[in-house]
Structures are given as structure tokens and as C-alpha cells.
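Now for the letters of each chain:
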Amino acid sequence: MAGGDALSCFACGEQNSADSRYCKHCGRALVVERNHPSVTQDPRNRLMLTLVIVLLLACVLFGLFGLITSKVFGPSRSRPELPAALVITNVS
Ligand SMILES: [Zn+2]
């Protein structure tokens, strides 16, 4: 009869009584953590993760867009970093 309801710790293998919630040896939780969803299973954290990814993608896309437009339209437009005198001599 003895030992049938004993819980063995999955972390250290120590035998604990069935009504104990934490391992007496290492302190890990013995119950299956169904009520404690991980970070990826929490919808709010998933929303935050999605927002961060979208913001990063937007930054990358805007950076690429600025780079492409500056390369494509840069030479044909008047560049603001040039001195005004140089721009005027180019135009006239
Ligand atoms: Zn343990």
C-alpha cells in the first residue's frame, strides 16, 4: 500500500507525499502548471509581442523605403545637404 500515492519530483527525482505541492528537496512545483500559462500562451503577451514585431518591421520597411527613394529620386531632386550656391549653379 505504501508508495502508491507518492509523487516523484521531475527535477530531482525525490519522493514526496501526494498532497505536497512543492518538492521537499529542491522546491520545484510538483503539480502540473495548468493554471500558470507561459509567456507565449498568454494572449496579452502575444499581443505585445505582435506589436513589437510589427513596430520593428515598420522601422525596417521605412528605413528601406527611405534608402530606396533616396537612391532612386536622390540625384534628380535638389539635395538639401548641398549648399544653396551649388544648387543654383546646377539649375542655371
Ligand atoms: Zn525536487
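Only a predicted model underlies this, so the values are computations on that prediction, with no experimental measurement involved. (Residues numbered from 1 in each chain as written. Predicted model: local features only at pLDDT ≥ 70, side-chain atom pairs only at ≥ 80, totals over all residues.)

**Notes on the overall build of the chain**
At step 1: For the chain, the helix and strand inventory stands at two helices and two strands.
At step 2: Ordered by position from the N terminus, the helices and strands of the chain form the series β-β-α-α.
At step 3: Looking at the 92 residues of the chain, the share that counts as buried comes to 1%.
At step 4: Considering only intrachain contacts with a sequence separation of at least 6, the fraction spanning at least 24 residues in the chain is 0%. (Helix = DSSP H or I, 4+ residues; strand = E, 2+ residues; numbered from the N terminus. Buried ≥ 20, exposed ≤ 12 C-beta atoms within 10 Å, placed from the backbone. Contact = placed C-beta atoms within 7 Å.)

**Brief notes about helix α1 (residues 43-73)**
Because the α-helix completes a turn every 3.6 residues, residues three or four places apart line up on one side.
At step 1: For α1, built from 31 residues, the straight-helix expectation of 45 Å at 1.5 Å per residue is met to within 8% by its first-to-last C-alpha distance of 43 Å.
At step 2: Sparse coverage of α1 is indicated by the burial of zero of its 31 residues. (Expected span 1.5 Å × (residues − 1).)

**Observations concerning the environment of Phe10**
At step 1: Mapped onto the elements, Phe10 comes out in the loop between β1 (7-8) and β2 (15-16).
At step 2: C-beta crowding within 10 Å serves as the criterion here: with 11 such atoms nearby, Phe10 is assigned to the exposed category.
At step 3: Note: C-alpha distance between Phe10 and Ala29 (19 residues apart in sequence) is 9.2 Å.

**Observations regarding the confidence of the model for the chain**
At step 1: Chain-level statistics for the chain give a pLDDT mean of 78 and a share of 64% at 70 or above.
At step 2: Averaged over each element, pLDDT in the chain is lowest for helix α2 (residues 84-91) (62) and highest for β2 (92). (pLDDT = per-residue confidence, 0-100.)

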